[in-house]
Amino acid sequence: MSGTTPRRRGRPPRTEAAGTRDRILTAAREEFSARGYEKTSVRGIAKAAGVDPALVHHYFGTKEQVFEAAVEVVFAPALNAPNALADGPLDGVGERLTRFVLGVWENPATRTPLLAIVRSALSNDTAAAVFRRLVAAQVMRRIAAQLDLPDAELRAELAAAQLVGTAMMRYVIRLEPLASADLERIVARVAPVVQAHLTRP
């Protein structure tokens, strides 16, 4: 007799619903991280979570919607980036935001799944659209809303481009000498540029 737990069919009782949803989301995150967007399937996610594929559709809908939910969980630390604007004087926002964003990438616990999500977004148009929509809605518009300056949305996007570009070159492409440079040196170079995008008249 096999020791594996058979997949549950149908909807779980209400008391189990939250746990089932979390289990599916954890499995989805691991599947997308290991296989990328194109090679991950709803059936594969269901198998990894020990549930029927119908439950994945019930809780999340399409594969794109499952991916978006997984991205949002992985991207959760970065969603606090707009708070860096409010946590101190405006003339130091470039350094605070740079330290916060690069700090998310420096932490192995957040960097590993984030790398997998970013790679999926780079290789698949659907994944890229989901990632772009999340970044625009959850991060950049919130940052722009805190800037009492002309062209706030453009300013926020230019600052994001600077930070995302730096992160891509350092952590994804791993271009030297940037990849192994001391973090403080990078912050000292990048923060003034971010500051200028956000606050320069």
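Below you will find a few notes about this structure. Remember, predicted model here, so these are calculated numbers, not experimental data. (Residues numbered from 1 in each chain as written. Predicted model: local features only at pLDDT ≥ 70, side-chain atom pairs only at ≥ 80, totals over all residues. Heavy atoms only, no water.)

## Digging into the pattern of salt bridges
As a reminder of what qualifies: Here, a salt bridge means any Lys or Arg side-chain nitrogen found within 4 Å of an Asp or Glu carboxyl oxygen. Strands here mean DSSP runs of E at least two residues long; helices mean DSSP runs of H or I at least four residues long; both are numbered from the N terminus. To sort residues, take the accessible area from a 1.4 Å probe on protein chains only and compare it with the maximum for the residue type: under 20% means buried, over 50% means exposed, and anything in between is partly exposed.
One pass over the full model with this rule turns up 4 salt bridges. Here glutamate 31 and arginine 35 are joined by a salt bridge, their closest N and O atoms 2.8 Å apart. Within this pair, glutamate 31 and its partner arginine 35 are both found in helix α1 (residues 14-39), separated by 4 residues, close to a single helical turn. The closest approach of N and O atoms between arginine 170 and glutamate 106, which form a salt bridge, is 3.0 Å. Here glutamate 106 lies in helix α6 (residues 93-106) and arginine 170 lies in helix α9 (residues 152-172), a separation of 64 residues in the sequence. Judged by relative accessible area, arginine 170 falls into the buried class, the value being 6%. When its relative accessible area of 27% is taken as the criterion, glutamate 106 is described as partly exposed. Bridged by salt links that share partners, the residues Glu95, Arg99 and Glu184 form one connected network.

## As for the packing of aromatic side chains
Two numbers describe a pair of aromatic rings. These are the distance of the centres and the angle of the planes. For clarity, the threshold we go by: Only Phe, Tyr and Trp rings are paired, with Trp represented by its six-membered ring, and only when their centres lie within 6.5 Å; those with planes under 30 degrees apart are stacked, over 60 edge-to-face, the remainder tilted.
Counting across every chain of the model gives 4 aromatic pairs. Aromatic pair tyrosine 37 and phenylalanine 67: ring centres 5.1 Å apart, planes at 85°, arrangement edge-to-face. Of this pair, tyrosine 37 sits in helix α1 while phenylalanine 67 is found in helix α4 (residues 63-74), placing the two residues 30 residues apart along the sequence. Of the two residues, tyrosine 37 and phenylalanine 67, neither departs from the other in class, the shared state being buried.

## What to know about the packing of helix α2 (residues 42-49) against helix α3 (residues 53-60)
Cut-off, in case you're wondering: Here an angle of 0 to 180 degrees is reported between the N-to-C directions of two axes, which are lines fitted to C-alpha atoms, with helices fitted over the stretch in contact. Working definition: roughly parallel below 35 degrees, roughly antiparallel above 145 degrees, roughly perpendicular at 65 to 115 degrees, and oblique for all remaining angles. Contact criterion: two residues are considered in contact whenever any of their non-hydrogen atoms come within 4.5 Å of each other. Throughout this entry, Asp, Glu, Lys and Arg are counted as charged residues, while Ala, Val, Leu, Ile, Met, Phe, Trp, Tyr, Cys and Pro are counted as nonpolar. The remaining residues, Gly among them, count as polar.
Taken N-terminus to C-terminus, the directions of α2 and α3 make an angle of 105°; their axes are 8 Å apart at the nearest point. Here α3 runs roughly perpendicular to α2, going by the angle between their axes. Residues Val42, Arg43, Ile45 and Ala46 of α2 form the contact with α3, whose own contacting residues are Pro53, Val56 and His57. For the contact of α2 with α3, the residue count by class is 5 nonpolar, 1 polar and 1 charged.

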